[in-house]
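Each chain, written out:
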Amino acid sequence: TSRDPSMATSAVVLTFPSSNVHPRDGENDIYDMPPEKVGVDRTSFYTFIHKPFGTVHDQEWVVHPVSALDWHTVALEWTPSQMRLYRDGELVRTIDETSADLIPDVKHFLAIQLDPWQHSLLEPVWMQVDYAKVESPC
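Residues numbered from 1 in each chain as written. Predicted model: local features only at pLDDT ≥ 70, side-chain atom pairs only at ≥ 80, totals over all residues. Heavy atoms only, no water.

Asker: Tell me what's going on with the sheet that holds strand β3 (residues 45-50), and back it up with residues and numbers.
Answerer: Taken together, the five strands give an open sheet; going across it, the order is β4-β3-β2-β1-β8, and neighbouring strands pair in antiparallel fashion. Single-partner strands in this sheet number two, and they are β4 (59-64) and β8 (108-116). Going across the sheet, the axis of each strand differs from the next one's by a mean of 15°, ignoring polarity. Taken together, the four bridges between strand β1 (residues 9-17) and strand β2 (residues 27-32) define a ladder with antiparallel strand orientation. Its bridge partner lying in β2, Val13 is registered against Tyr31. (Pairing = 2+ DSSP bridges. Helix = DSSP H or I, 4+ residues; strand = E, 2+ residues; numbered from the N terminus. Axes fitted to C-alpha atoms, helices over the stretch in contact; angles between N-to-C directions.)

Asker: Explain the packing of aromatic side chains residue by residue, including any values.
Answerer: Under the criterion given, the structure shown has three aromatic pairs. Between the aromatic rings of Tyr31 and Phe45, the centroid separation amounts to 4.7 Å while the plane-to-plane angle is 45°, which identifies the pairing as tilted. On the criterion of sequence distance, the pair formed by Tyr31 in strand β2 and Phe45 in strand β3 is long-range, its members being 14 residues apart. Given a relative accessible area of 11%, Tyr31 falls into the buried group. Here Phe45 falls in the buried class, since its relative accessible area comes to 0%. On the basis of an interplanar angle of 0° and a centroid distance of 5.4 Å, the ring pair of Tyr46 and Phe48 is categorised as stacked. Residue Tyr46 shares its accessibility class with Phe48, and that shared class is buried. (Phe/Tyr/Trp six-rings, centres within 6.5 Å; stacked < 30°, edge-to-face > 60°. Buried < 20%, exposed > 50% of the residue type's maximum accessible area, 1.4 Å probe, protein only.)

Asker: Report on the sheet that holds strand β7 (residues 90-96), specifying residues and quantitative values.
Answerer: The strand order across the open sheet built from three strands is β5-β6-β7, with neighbouring strands paired in antiparallel fashion. Each edge of the open sheet carries a strand with a single partner, namely β5 (74-78) and β7. Pairs of neighbouring strands in the sheet enclose a mean axial angle of 15°, with direction left out of account. As paired elements, β5 and strand β6 (residues 82-87) share five bridges and run antiparallel to each other. By the bridge assignment, Glu77 is partnered in β6 with Arg84.

Asker: An account of the side chain of Glu27 is needed here, citing residue identities and associated values.
Answerer: Relative to the assigned elements, Glu27 resides in strand β2. There is no salt bridge for the buried Glu27, and the closest opposite charge comes from Arg24, which lies 13 Å off by N-O distance. Residue contacts for Glu27: discarding those within four places in its chain leaves Leu14, Thr15, Phe16, His22, Phe48, Ile49, His50 and His108. (Lys, Arg positive; Asp, Glu negative; His and termini not counted. Salt bridge = Lys/Arg side-chain N within 4 Å of Asp/Glu carboxyl O. Contact = heavy atoms within 4.5 Å.)

In structure tokens:
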């Protein structure tokens, strides 16, 4: 994801409930960069797992302390009892259903988007994605 001098955009790769009912049915922001947290130079990115039936801010998160200006592979392996988060082939977090109660049990779809946080940009912002792969329906 390119620099954003205006701090006006967040690049996000996520799963969102097919019901479009959030936060009740969860949300999994696999790759996210809230402008106020990552700054102009995208010095990191985040993963947010929003708890089903929780509030919008009821979530687990991981800070990825790597430059989001560089290429990374991020994967979420989601089973009924566990979620495993990988960055560049390394396991960075495991969430168990029994300990966190964070795993949605409804269908989700994959979304890739640039979210606007302001109405104007100082310069264009790009998010480049080489590929997205869903191995089985989530």
